[in-house]
Amino acid sequence: MGSTTASTSRNAKRARAGAAVLAVLTVAAATAGCKAQAAGSTPAAPSAPPRATATDDGKPSAPPSSPTASPSSAPPTATASPTASPTPKPDPQGTTLMASGSQGKQVRELQARLRQIGHFDRSPTGYYGTVTVAAVQSFQGKRGLTRTGEADTLTWQKLLGMTHEPTAAELNPPTTRPVTKPDKRCMTGRVLCISKNSRTLSWMIDGRVVSSMDVRFGSQYTPTREGTFSVYWKSRHHVSSIYHTAMPYAMFFSGGQAVHYSADFAARGYNGASHGCVNVRDEGKIASLFAQVKNGDKVVVHG
């Protein structure tokens, strides 16, 4: 009986000790966060990262780059210098000095020099328009230059070498068109000698031309009368009673026909016509003429 009791006591101690060991192991496993596996089972392979789907941002994401990627896969460094723009070639004829739209004294000199050698067929105006462009192109073409129509340094130098310095009369001629030989009726006394052919008026005293200016005449329906007349009335601020238009510096010589300044002639040139009067477009010249002419001075209008 005594031995049996002792044996039972020893078995109870062993059971309590085993239970304590098992409790310790269970606590250790729980705090390590591991999942208990059955003995002899194969550990599960780690799960693959989730694949991106086509609904993430419209297209599948690229896989992450490997930390052992070769240097060639690295993005290029910004060491290349930008491509330099090509250097523009210099103009073989030099710098442009004057071109279409230019105006001033140098343009007037250009036109006068071109006129000396037959490339500009009218009086200098000081404005670089289409006529001047064509004249420069003509000059350049005959001198083997590029026909740009612009007065560049090479064109200008060649022109200077072929011409002389323009005189005051060449730079500022009295009329746009050459004045024709005066009619014989204009050679004596004080005369307003008016030529329809050259479209000029010359103020003459005893056969000498004092001044000249451009004029325009009436149309075929209201022609300017030809013949010999005399100034019978001067009206500085005249206004036509028929057409109600201004006729400054009017010098009447035949009925209602007079020599006078015309703003329309100044603006439109020969694109218009008068109602029979002799229009002058240079106000400075007609003002000077008005101051010199007297009543009774002769007027000759010829073809």
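A brief structural summary. (Residues numbered from 1 in each chain as written. Predicted model: local features only at pLDDT ≥ 70, side-chain atom pairs only at ≥ 80, totals over all residues. Heavy atoms only, no water.)

1. Comments concerning the packing of aromatic side chains
Okay, step 1: Evaluation of the coordinates by the stated rule reveals five aromatic pairs.
Okay, step 2: Ring plane angle 45 degrees and centroid distance 6.3 Å describe the contact between Tyr-232 and Phe-252, whose orientation is recorded as tilted. Here Tyr-232, found in the loop between β6 (227-230) and β7 (233-239), pairs with Phe-252, found in strand β8 (residues 246-254); they are 20 residues apart in sequence, far enough to count as distant.
Okay, step 3: Residue class for Phe-252 comes out buried when judged on its relative accessible area of 4%.
Okay, step 4: Summarising the aromatic geometry, the rings of Tyr-249 and Phe-290 are spaced 5.7 Å apart at their centres and angled 70 degrees between planes, so their arrangement reads as edge-to-face. Of this pair, Tyr-249 sits in strand β8 while Phe-290 sits in helix α7 (residues 283-292), and the two are 41 residues apart along the sequence.
Okay, step 5: Its relative accessible area of 13% is what places Phe-290 among the buried residues.
Okay, step 6: Following the ring pairs from residue to residue traces out a cluster consisting of Tyr-232, Trp-233 and Phe-252.
Okay, step 7: A cation over a ring is seen here: Arg-199 above Tyr-270, with NZ or CZ 3.9 Å from the ring centre. (Phe/Tyr/Trp six-rings, centres within 6.5 Å; stacked < 30°, edge-to-face > 60°. Helix = DSSP H or I, 4+ residues; strand = E, 2+ residues; numbered from the N terminus. Buried < 20%, exposed > 50% of the residue type's maximum accessible area, 1.4 Å probe, protein only. Lys NZ or Arg CZ within 6 Å of the ring centre and 35° of its normal.)

2. Structural notes on the nonpolar core
Okay, step 1: Ranked by internal contacts, the top residues of the largest apolar core, which has 22 residues, are Ile-194, Val-259 and Leu-289.
Okay, step 2: Broken down by secondary-structure element, the contributors of at least two residues to this core are β3 (190-195), β4 (200-205), β5 (208-216), β8, β9 (257-261), β10 (278-280), α7 and β11 (298-302).
Okay, step 3: Among all residues touching Ile-194, those that are not within four sequence positions of it are Thr-200, Leu-201, Val-215, Phe-217, Val-259, Val-278, Val-299, Val-300, Val-301 and His-302.
Okay, step 4: Core analysis: the second largest hydrophobic core is formed by 13 residues, Val-107, Val-133, Ala-135 and Trp-156 among them. (Core = buried A, V, L, I, M, F, W, Y, C linked by side-chain atoms within 4.5 Å. Contact = heavy atoms within 4.5 Å.)

3. A closer look at the sheet that holds β9
Okay, step 1: Across the sheet, nine strands lie side by side as β6-β11-β3-β4-β5-β10-β9-β8-β7; this open sheet has mixed pairing. Bordering the open sheet on either side are β6 and β7, each of which pairs with just one other strand. Neighbour-to-neighbour, the strand axes of this sheet turn through a mean angle of 30 degrees, independent of strand direction.
Okay, step 2: With four bridges joining them, β6 and β11 adopt antiparallel strand pairing. Across the sheet, the residue bridging to Phe-229 is Val-299, located in β11.
Okay, step 3: In the packing of α7 onto the sheet, the strands contacted are β3, β4, β5, β7, β8, β9 and β10, and the crossing angle to β8 comes to about 50 degrees. (Pairing = 2+ DSSP bridges. Axes fitted to C-alpha atoms, helices over the stretch in contact; angles between N-to-C directions.)

4. Concerning the pattern of salt bridges
Okay, step 1: Throughout the structure, instances matching the rule amount to seven salt bridges.
Okay, step 2: Among the salt bridges present, the one from Arg-190 reaches Asp-297, with a minimum N-O distance of 3.1 Å. Remark: Asp-297 occurs in the loop between α7 and β11 and Arg-190 occurs in strand β3; sequence separation between them is 107 residues.
Okay, step 3: With its nearest N and O atoms 2.7 Å apart, the salt bridge here joins Arg-216 to Asp-264. Residue Arg-216 is found in strand β5, and its partner Asp-264 is found in helix α6 (residues 263-268); the two are separated by 48 residues along the sequence.
Okay, step 4: For Asp-264, a relative accessible area of 30% corresponds to the partly exposed category.
Okay, step 5: Among the ionic contacts, a cluster of salt bridges with common partners joins Arg-216, Asp-264 and Arg-268. (Salt bridge = Lys/Arg side-chain N within 4 Å of Asp/Glu carboxyl O.)

5. Here we look at the pairing of β8
Each regular strand shows side chains that alternate between the opposite faces of the sheet.
Okay, step 1: Of all nine residues in β8, eight are buried, a share of seventy percent or more.
Okay, step 2: Of the strand pairs in this sheet, β7 and β8 are connected by six bridges, and their pairing is antiparallel. Bridging across to β8, Trp-233 finds its partner in Phe-252.
Okay, step 3: Hairpin connection, β7 to β8: the antiparallel pair is bridged by six residues, and His-244 has positive phi, about 55 degrees.
Okay, step 4: Of the pairings in the sheet, the one linking β8 to β9 comprises three bridges and is antiparallel in character. Considered in β9, the bridge of Ser-254 is made with Gln-257.
Okay, step 5: As consecutive antiparallel partners, β8 and β9 are separated by two residues, and within that stretch Gly-255 has a phi angle of approximately 60 degrees, a positive value.

6. Description of the packing of helix α2 (residues 105-116) against helix α4 (residues 153-162)
Okay, step 1: With their axes 10 Å apart at the nearest point, α2 and α4 run at an angle of 55 degrees to one another. The orientation of α2 relative to α4 falls into the category oblique. As for the relative orientation of α2 and α4, their crossing is left-handed in sense. Touching Gln-106, Glu-109, Leu-110, Arg-113 and Leu-114 of α2 are Trp-156, Leu-159 and Leu-160, all from α4.
Okay, step 2: Each residue belonging to the contact of α2 with α4 can be placed in one class, and the counts come to five nonpolar, one polar and two charged. (Parallel < 35°, antiparallel > 145°, perpendicular 65-115°, else oblique. Left-handed = near helix turned anticlockwise from the far one by under 90°. Nonpolar A, V, L, I, M, F, W, Y, C, P; charged D, E, K, R; others polar.)

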